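# Fold and contact review
Listed below, chain by chain, are the residues.
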Amino acid sequence: MREETLGTAQDDSAMRPRAINLEAGRRAFLGAVGLGVVGAALFNPGSVKSAFAQSVTDVDIFNFALNLEYLEAEFYLRASVGQGLATAEVTGTGTLGPVSGGRAVPFATQAIANYANEIARNERAHVNTLRAALGSNAVARPAIDLNLAFTFAARAAGLAGPNDNFDAFANETNFLLAAFIFEDVGVTAYNGAAPLIKDPRNLAGAASILAVEAYHAGIIRTILYSRGLFSQAQAISDARDSLDGASDDDQGIGDTTTSNLTPVDQRGLVYARTPQQVLNIVYLNPNGQPTGFFPNGLNGTVR
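Cut-offs applied
All residue numbers refer to positions counted from 1 along the written sequence of the respective chain. Side-chain atom pairs in this predicted model are given and counted only at pLDDT of 80 or more, local residue features only at pLDDT of at least 70, and totals for whole chains, interfaces and linings cover all residues. For the side-chain quantities, the full set of heavy atoms in the structure was used; hydrogens and water were omitted. Side-chain atoms within 4.5 Å are what join buried Ala, Val, Leu, Ile, Met, Phe, Trp, Tyr and Cys residues into a set we call a nonpolar core. Note on classification: 1.4 Å probe, protein chains only; a residue is buried when its accessible area is under 20% of the maximum for its type, exposed when over 50%, partly exposed between these limits. The way it works is that DSSP assigns letters per residue, a run of H or I at least four long becomes a helix, a run of E at least two long becomes a strand, and they are numbered from the N terminus. Orientation is described by axes fitted as lines to C-alpha atoms, over the contacting stretch for helices, and by angles from 0 to 180 degrees between their N-to-C directions. Angular relationships are summarised with four words: roughly parallel below 35 degrees, roughly antiparallel beyond 145, roughly perpendicular across 65 to 115, and oblique for the angles in between. What makes a crossing left-handed is the near helix being turned counterclockwise from the far one by less than a right angle; a clockwise turn instead makes it right-handed. It only takes one pair of heavy atoms within 4.5 Å for two residues to be counted as in contact. What counts as a salt bridge is simple: a side-chain nitrogen of Lys or Arg found within 4 Å of a carboxyl oxygen of Asp or Glu. An expected span of 1.5 Å times one less than the residue number is assigned to each helix.

Take the nonpolar core next. Core analysis: the largest hydrophobic core is formed by 77 residues, its most contacted members being Phe 75, Phe 150, Phe 175 and Phe 294. Elements with a minimum of two residues in this core: α4 (58–81), α5 (110–134), α6 (148–157), α7 (172–193), α8 (202–226), α9 (230–243) and α10 (275–282).

Written as structure tokens, this is what we have:
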């Protein structure tokens, strides 16, 4: 079984969380932040079954997003500085789980190290913003697997053999491919959650979070394209598509002739994923059963 070499930890002083006024943040967020853009309901009104849409609350959706932000924050923080979120940033309702795997990536390119550090700061801020908004309703970080889950995903995509391990933190190329697994999912998840939001005031801030996630996805897709990792990106795209239903929505990054850095439809719109489709991908199975990156499932109602 092939194993990758360990990287070395980096200074995390730039990544320590700033003090925030949780109550002020909660009041501001509840008036401004949601989980999508208002256009999603207009252009894709049937993306979520009505019974589910009627039963789920904004708090449920915010907590669903928080679970995903925990995953992204832990991945990028460990890759960038060698350690994840602080204890005070992960407590809440539900079972607090450990994080397995993850360490500082031995970046060979300073620019990519800088990108990783910036995205990590953003994802940590998303975690704290959502937690501040939810207050005592915030769920704890569930158990997260950053080790075997990447191997299973890489094997499914054909990027690793059936007996090989894929170490997302071994080098910057592996890191970029691992990041590609997440980023497009985050954008489409926020877009797909928009029809579930009850309070229209929550959509304004959601558009801002969605924009940040889209910037992140653009960074990763652009670097992958510049490095000619077309077939690898397409393999990951196909693997995601195999998990989220019969439709063929997911897109790679293009080829040597034509770039595809903005995965949109003929109308120039990004597609949306339902919560169930997102769960299928992060659980790494088409049945939505807890496994993969969340071996014990998400915390909260939407899980």
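Past the structure itself, the notes keep going.
Put simply, α4 and α8 touch, their axes get as near as 14 Å, and they point 25 degrees apart. The angle between α4 and α8 places the two elements in the roughly parallel class. For α4 against α8, the interelement crossing comes out left-handed. Touching Asp 58, Phe 62, Glu 69, Glu 72 and Tyr 76 of α4 are Asn 202, Ile 209, Glu 213 and Ile 220, all from α8.

Let us now look at the pattern of salt bridges. Counted by the stated rule, this structure contains 11 salt bridges. Here Arg 267 and Asp 265 are joined by a salt bridge, their closest N and O atoms 2.7 Å apart. The class for Asp 265 is partly exposed, based on a relative accessible area of 31%. When salt bridges with common partners are traced through the structure, they connect Asp 184, Arg 221, Arg 240, Asp 244, Asp 250 and Arg 273 into a single cluster.

In a regular helix each residue adds 1.5 Å, so 24 residues correspond to 34 Å; α4 covers 33 Å between its end C-alpha atoms and thus fits that length. Most of α4 sits out of view: 23 of its 24 residues are buried. Following α4 by one or two positions, Gly 82 has its phi on the positive side, about 85 degrees.

As far as function goes, none of this settles anything; it's purely spatial.
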